[in-house]
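# Structural description and commentary
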Amino acid sequence: MAGYPEDTMTGHEVERRALLTPVLLLLLAERQGHGYELVQRLGAFGCGDADQAHVYRLLRGMESSGEVTSHWHASESGPARRVYAITQQGAMNLALWFVRLGELHGTLHLFLERYVQLEDVGGRAGRDGGSPRAGARPPDHARPPGHSGPPDHIRRMRK
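Residues numbered from 1 in each chain as written. Predicted model: local features only at pLDDT ≥ 70, side-chain atom pairs only at ≥ 80, totals over all residues. Heavy atoms only, no water.

### Looking at helix α1 (residues 11-18)
Put simply, the rule reads: Buried means the residue's accessible area, taken with a 1.4 Å probe over protein chains only, is under 20% of the maximum for its type, while exposed means over 50%, and partly exposed covers the values in between. Only DSSP runs of H or I reaching four residues or more are called helices, and only runs of E reaching two or more are called strands; each is numbered from the N terminus. Throughout, the arc means the angular range of directions from the helix axis out to the C-beta atoms.
E13, R16 and R17 are the residues of α1 that are buried. Viewed end-on, α1 has its buried residues packed into an arc of 100 degrees, placing them on one side of the element.

Right, here's the structure in full:
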């Protein structure tokens with residue numbers, strides 16, 4: 001994601017980049033922060049390699065649309081930094097993102113559950129060509145070497 005033109009990004013990078021707006025709103029709802037700090041905090045969401053220039057553009061756009069405000073904060077040990085905070089409009093938009101992402105979560109959960117039921121990822125269901133067996137595991141090439149059972153994130157989903 002870092003420094004790549006949009007036309008050369010993979011689908012996964014594009015999807016992660018699309019989630020930067022709700023993640024930034026969430027981070028600002030947790031506490032205000034300056035741009036560099038927000039970029040650092042993105043790491044917890046798997047976006048540690050987010051392009052800083054893109055994050056700053058998003059923050060400026062969010063400020064233009066009324067989702068965030070900013071002010072300059074003078075520092076005793078360095079240059080002044082622009083500190084961002086979420087607005088009431090931003091909080092309402094964050095709530096809408098919560099609903100949208102909750103719906104997407106349901107779809108993704110169903111996809112992941114059905115994927116782990118596949119016996120053959122090559123397009124064939126069960127050995128008899130019918131539907132996959134309940135409890136069937138992904139083929140060995142879909143799991144890390146030496147890893148038995150479903151991936152950790154699938155096991156956590158089932159709890």
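### Some thoughts on the packing of α1 against helix α2 (residues 20-30)
What counts is decided by this rule: Axes, fitted as lines to C-alpha atoms, cover a helix only where it is in contact. Angles between the N-to-C directions of the axes lie from 0 to 180 degrees. Contacts between residues were defined by any pair of non-hydrogen atoms, one from each residue, lying within 4.5 Å. Charged residues are taken to be Asp, Glu, Lys and Arg, nonpolar residues to be Ala, Val, Leu, Ile, Met, Phe, Trp, Tyr, Cys and Pro, and polar residues to be all remaining types, Gly included.
Relative to each other, α1 and α2 sit at 35 degrees, their axes nearing to 5 Å. Between α1 and α2, the contacting residues are R16, R17 and A18 on the first element and L20, T21 and P22 on the second. In the contact of α1 with α2, the residues fall into 3 nonpolar, 1 polar and 2 charged.

### Here's the deal with the environment of W97
In this structure, W97 sits in helix α5 (residues 88-117). Remark: the alpha-carbon pair of W97 and L19, spanning 78 residues in sequence, is separated by 9.6 Å. Not counting residues up to four positions away in its chain, the partners in contact with W97 are A18, T21, P22, L25 and G102.

### A closer look at the confidence of the model for the protein chain
The following threshold applies: Known as pLDDT, the predictor's confidence for each residue is given on a scale from 0 to 100.
Averaged over every residue, the pLDDT of the protein chain is 80; residues scoring 70 or more account for 70%. The secondary structure element of the protein chain with the lowest average pLDDT is helix α6 (residues 152-158), at 53, and the one with the highest is α2, at 97. Low pLDDT (under 50) marks residues 140-147, which in the prediction has 8 contacts with non-local residues, meaning those over four places away or in another chain.

### Considerations on helix α4 (residues 52-64)
Test applied: Here the expected length of a helix is defined as 1.5 Å per residue gap, with one fewer gap than residues.
Taking 1.5 Å per residue, 13 residues should reach 18 Å; α4 reaches 18 Å between its end C-alpha atoms and fits that length. Within α4, the full set of buried residues consists of H54, V55, L58, L59 and M62. Each buried residue of α4 sits inside an arc of 140 degrees when the element is viewed along its axis, so together they form one side. For α4, the secondary structure elements touched by its buried residues are α1, α2, α3 (35-41), β2 (68-73) and β3 (81-86). Count one or two residues on from α4 and you reach G66, which has phi positive near 85 degrees.

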